[in-house]
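Chain and residue survey
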Amino acid sequence: MKLNIEGLLVYFPYDYIYPEQYSYMLELKRTLDAKGHGVLEMPSGTGKTISLLSLIIAYQKAFPLEVTKLIYCSRTVPEIEKVVEELRKLMEFYSKQTGESNNFLALALSSRKNLCIHPEVSALRFGKEVDGKCHSLTASYIRAQRHSDPDMPVCRFYEEFDAVGRQVPLPAGVYNLDDLKEFGRRKGWCPYYLARYSILHANIVVYSYHYLLDPKIADLVSKELAKKSVVVFDEAHNIDNVCIDSMSVNITRRTLDRCHTNVDTLQNTIEKIKETDAAKLKMEYRRLVEGLKEANVARETDVYLANPVLPDEILKEAVPGNIRTAEHFVGFLKRFLEYLKSRLRVQHVVQESAPQFLKDIFDKVCIDRKPLRFCAERLQSLLRTLEIADIADFSAVTLISNFATLVSTYSQGFTIIIEPFEDRTPTIANPVLHFSCMDPSIAIKPVFQRFQSVIITSGTLSPLDIYPRILDFRPVTMASFTMTLARTCLCPLIVGRGNDQVALSSKFETREDFAVIRNYGNLLLEMSAIVPDGIVAFFTSYVYMENIVASWYEQGILENIQRNKLIFIETPDAAETSMALEKYQEACENGRGAILLSVARGKVSEGIDFVHHFGRAVIMFGVPYVYTQSRILKARLEYLRDQFQIRENDFLTFDAMRHAAQCVGRAIRGKTDYGLMIFADKRYARADKRGKLPRWIQEHINDGSLNLTVDEAVQLSKHFLRQMAQPFRQEDQLGLSLLTLEQLESEEMLQKIAKIAHQT
Amino acid sequence: MSSLSEEVLLVVKKVRQRKQDGTLYLMAERIAWGPEGKDRFTVSHLYADIRCQKISPDGKAKIQLQLVLHTGESTTFHFSNESSALKDRDAAKELLQQLLPKFKKKANKELEEKNRMLQEDPVLFQLYKDLVVSQVISADEFWANRLGDINNADPTLSNNKQEVGISGAFLADIRPQTDGCNGLRYNLTADIIESIFRTYPAVKEKYSENVPHNLTEKDFWTRFFQSHYFHRDRINTGTQDIFSECAKQDEKGLKSMVVQGVKNPLVDLLSLEDKTLDEGYGFCKTFPSTSNSNRTVKESSNSAIIKRFNHHSAMVLAAGSRKGETPADHASETSSTDGNSRDSDFFQPPVKKVKLQEVIEYEDLQRENRPKTIALNLKKSDRYAHGPVPLQSQHYTTSQDIINSVNYIRHEMLNYKPNLTQVLSSTTASSAIAALSPGGVLMQAATQQAINQMVPTEVQGELKHLYVAAGELLRHFWSCFPVNTPFLEEKVMKMKSNLERFQMTKLCPFQEKIQRQYLSTNLTGHLEEMLQTAYRKFHVWQTRRMQYLECHSDHLL
């Protein structure tokens, strides 16, 4: 259908539309008009992606000079591919409606592991291996050496691409990962480099967060993307953690040992080069004296995306004299390494700030702040000059130099914690230096500054106002949309008591209590008897799940559950869990029914959907608080309190509830879907917890279901499931939660739709 | 006399039943017991009738074996031979254990089959009622040659039965009971054993390797329950445990399953993450210690339990679907799962594409493509089921039809040209007319045609049933000729008496009934004629046989 969104003609590739989709598009259009950022929460399964794509592409077509590019960031590879498929559908609809062939170029970009077509390289299992191998075949100096020695191995796909691939741009169309591979194979070009090159002129780019948020990758891939782009972060409820992760560094003894060998190799290489090709080193020296002017110019003219690891100030200066020559720099690294080693030899926990660390290092080994700041850049230059083949081998020394630059650049937002041993094993010495970022805004700041509109969206972003605060930006729109439903297809129940009136809770004091564990077991047992097909149960942590499973096993509860359904359990091993997941789905498919025991914050809770019969009920055992004894977390909480005035408890609850909401939201993936959401902890009933659930879940919790016993919950569930099992047709939805174009245009409906968006 | 033809598998002497000494016979199809000194069996059960056997516990003074029948009755045998009572009992038990499951399935299958046939065929059901329920012939006789042809005619029916899956909790059903003196007792049934074998092929292998050469069956299962294998949470200590190898095999199987990876790319957690952080970067790890050395015993036993549940569920699931899988199918699956191999890239995308399409589909946002149908709203469903019934069962012709046919005939008549060379001679023609006129030769049957108007419908129905029943009996009777085996001899005698009984109990009352209603008696004339023919045949056969026997006896004398 063709929609009129405040004067913008939007092609929507379906015959019907959900009211909330219309409302979502309205808000999105206003955000784009204002050239500002937005935070939008809309329940999963209400067609968020297609609404986003329809509107932004319509906008791009209408105002090609205002918005030149859409950068769509998602979290996982399947999600990226899903987005591209939806895009393909939209584009097909466009060409069918307008009759002209589509002139848009849209493509997905992923790591080499998913795009490589080289027969040997792509056979490797791990991404890191693929990257390393690829680099050893395609690095510029390797290829230069090949001129003298033609026997060296070569990637013919890269050579072919390098020879002719850049001359003609990729023809317009929608390219998913497999399409790129197909295209690459046909032309004999490397799909990875083709994609990386093509994102510069593509109209739509779909890739993972890291390509924009991780400075190490963003610098390579996304540096030159146009300023007039719209950036969308989908499934962004965890975006702060992604930011923090990309800026944090952990250093162990092993890292230092490997670093040591790296430095030795560097030294030897330098010696060798000095004998054979001293001019090379001299040239590097001259370049360093010149300074990093090029980069500075580029950034000032707004061509490059800023790199938070490479702060603005250092671009204006030349590399300081004491690390300019290669030997000096290696010596400098050695000194720094020795210092770090000495710091790891502690017997007690040390926590300090970056300035404290800098002062200490100056006092002990006379290393100044300034050369430290240039460490990362200097190392890159050296590695380039020395023509090191396998960069992957030098990850340790790169890590250390990144750490040096970060610690000397940011006096705030980071903390250094040195732990001599793990908390659980105090007898085994395993010293770790955590350099952890506490301020997610550091990593994302360049994105907000550079691009005109950044949209943060997800099914669970409640409470909305916390995201602008922790990411430090000013949105022009913040809205939460509810799900309009013709039938209440979700049934959130808070089970607070067992049948014996024992209060159910996963809080620390009652965690080992047998009565609680037994009652949890009872709940699962009873549910396994009444819920058809699949049940997914989430625990607060892996250790907790292990303990509960063990005691359920001893008490014979699991045996009884097996009478009703098969049991599958998540393990720390991803491959094993994948297999368990597939078997779980198979058991749901063939009607036997199964239960999946899983962990909140685990891979399953983040990336796997349980549509329809794969998840008819989700049980959340306990409130998934993060492990609060961690020093890093404590430091972060303190920082949040001091910098952003967010109380510790508020943040912890917010974090726990967003994960709980993620878990239970896995079961509802659309309006025809239905599922029970059981919160098995009495603490969920409290207003401060409940209030932090997304609005679309919250509004279905009625006062009667706040503190149920297991039996009561079973009764309510039975009733709910019986109702939901009735046939549900399109006509039932039409006019309520599903609209035709005529219905959408009626005055009355437009008024109703205006109420769907809940502004904050 | 029937026991003569049976094969006796086992004879156990000195077995008491109801305080009477006797001998126990295990035959091919039944178990029987006869008191000492008599050649008759007082107890005889077909294996198919036996639901299960029970034995007395080992420690008890009386060594007994109890048979529980499907009807709920039970028979207890007491093995009283002092020296070898236990051995005898065990021998009987073992043999029964092998025999019973075979008959159990057969019995169930047969019953089901019979039931199905009766339900599907109303005529047969009526016949069954007429002959078996009214005890003209026994049920066995009735089915004797019917099941045979059905089975032969329709072999596919019995073959494509659905495989029964395995209960997920079959191990839980083996509830250990304490026997009061610091021991545990496990009750195993044939079903559970089968479940174990199907779920854990490794155990089956061990079983066939070791039983009965190295271990008795009992020892085997005792070891099984004691093994680390059964109790996965226990840490493996003994290396001579025969099941440790099974555990290793399972581990291997699990690993190969894991290595094989998953077919559905959407659940593959390994390829979920696009770009993992390099080592050394990141906030903190979820699982701090992965090395096994510093895991406590409890922790590793916990993870063993978790592994076990995953494996068990996977095996149960696989056992259910293992049968239907063809090897070719399997091969193609494995080749397409390996995402990295070269040719697999050409296989994989379709699976992936389909899955992706499924996921992005919003079925309710799309207009349904199929033509719109109107739901049938029935007010009176019985009227729908029966349909409108015409008041008179006549064929109506519309006036248009009549006019058309008149026109047609008229048209035909216009073009009529008599073919004068081929007409009948006048005498033949007149005799034919005479024969066809009322009272003529060919018109005499007309009076008999009216039988369906003369006789009320219920009598007609009854007559029909009688014909069918008589036909069935006569079929049995005639199928005995030529009588050349003792079995057929016996049968022909029985059939003759059956026929007589039929005449007495069914035919005569019917005749009386129609007489009372003043209907023409020759309704049953044909039936009687058929019976008489059979009797005559029997008589001839019998007299001939007597002469033959006399002859023989003369010879013998």
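Residues numbered from 1 in each chain as written. Chains lettered and ligands numbered in written order. Predicted model: local features only at pLDDT ≥ 70, side-chain atom pairs only at ≥ 80, totals over all residues. Heavy atoms only, no water.

1. Thoughts on the overall build of chain A
On a plain count of helices and strands, chain A comes out with 36 helices and 22 strands. Its C-alpha atoms give chain A a radius of gyration of 28 Å, within 12% of the compact-globule value 27 Å for 760 residues. In terms of overall dimensions, chain A has a C-alpha envelope of 85 × 70 × 50 Å along the principal axes. Residue burial in chain A is summarised as follows: out of 760 residues, 62% are buried. Relative to all contacts within chain A whose residues are 6 or more apart in sequence, the contacts with residues 24 or more apart total 80%. Only carbon and sulfur atoms are counted for the fraction: they give 50% of the accessible area of chain A, which is about 28,300 Å². For chain A, the separation between the mean place of its 93 positive charges and that of its 95 negative charges on side chains is 2 Å. (Helix = DSSP H or I, 4+ residues; strand = E, 2+ residues; numbered from the N terminus. Rg over C-alpha atoms; globule rule 2.2 N^0.38 Å. Buried < 20%, exposed > 50% of the residue type's maximum accessible area, 1.4 Å probe, protein only. Contact = heavy atoms within 4.5 Å. Areas by Shrake-Rupley, 256 points an atom, 1.4 Å probe, with all protein chains shown as cover. Lys, Arg positive; Asp, Glu negative; His and termini not counted. Charge placed at Lys NZ, Arg CZ, Asp CG, Glu CD.)

2. Details of the packing of helix H5 (residues 127–138) of chain A against helix H6 (residues 140–148) of chain A
Residue and element names in this part refer to chain A. Running from amino to carboxyl end, H5 crosses H6 at an angle of 40 degrees, the nearest separation of the two axes being 5 Å. The orientation of H5 with respect to H6, classified from their angle, is oblique. Where H5 abuts H6, its residues His135, Ser136, Leu137 and Thr138 lie against Ser140, Tyr141, Ile142, Arg143 and Arg146. Residue classes in the contact of H5 with H6 are distributed as three nonpolar, four polar and two charged. (Axes fitted to C-alpha atoms, helices over the stretch in contact; angles between N-to-C directions. Parallel < 35°, antiparallel > 145°, perpendicular 65-115°, else oblique. Nonpolar A, V, L, I, M, F, W, Y, C, P; charged D, E, K, R; others polar.)

3. Considering the confidence of the model for chain B
All names here are of chain B. In this model, chain B carries a mean pLDDT of 74, and residues with pLDDT of at least 70 account for 73%. Across chain B, helix H15 (residues 399–414) holds the top mean pLDDT of 88, while helix H12 (residues 327–337) sits lowest at 37. Confidence drops under a pLDDT of 50 for residues 152–159, and excluding neighbours within four residues, the segment shows one contact in the predicted structure. Confidence drops under a pLDDT of 50 for residues 285–294, and excluding neighbours within four residues, the segment shows eleven contacts in the predicted structure. As a predicted assembly, this complex carries a pTM of 0.74 together with an ipTM value of 0.85. (pLDDT = per-residue confidence, 0-100.)

4. Notes on the interface of chain B and chain A
Contacts between the two partners involve 75 residues from chain B and, on the opposite side, 102 residues from chain A. When chain B packs against chain A, close to 8,200 Å² is buried across both sides, 55% of that on carbon and sulfur atoms. At the surface where chain B touches chain A, the tally comes to one salt bridge. Summed over the shared surface of chain B and chain A, the result is eleven residue pairs in polar contact (both at pLDDT 80 or more). For the side of chain B that touches chain A, the elements supplying multiple residues, two or more each, are helix H6 (170–173), helix H10 (244–260), helix H11 (297–321) and helix H13 (344–360) of chain B. (Buried area = accessible area lost by both parts, 1.4 Å probe. Salt bridge = Lys/Arg side-chain N within 4 Å of Asp/Glu carboxyl O. Polar contact = N/O pair within 3.5 Å; in protein donor to acceptor, adjacent residues only side chain to side chain.)

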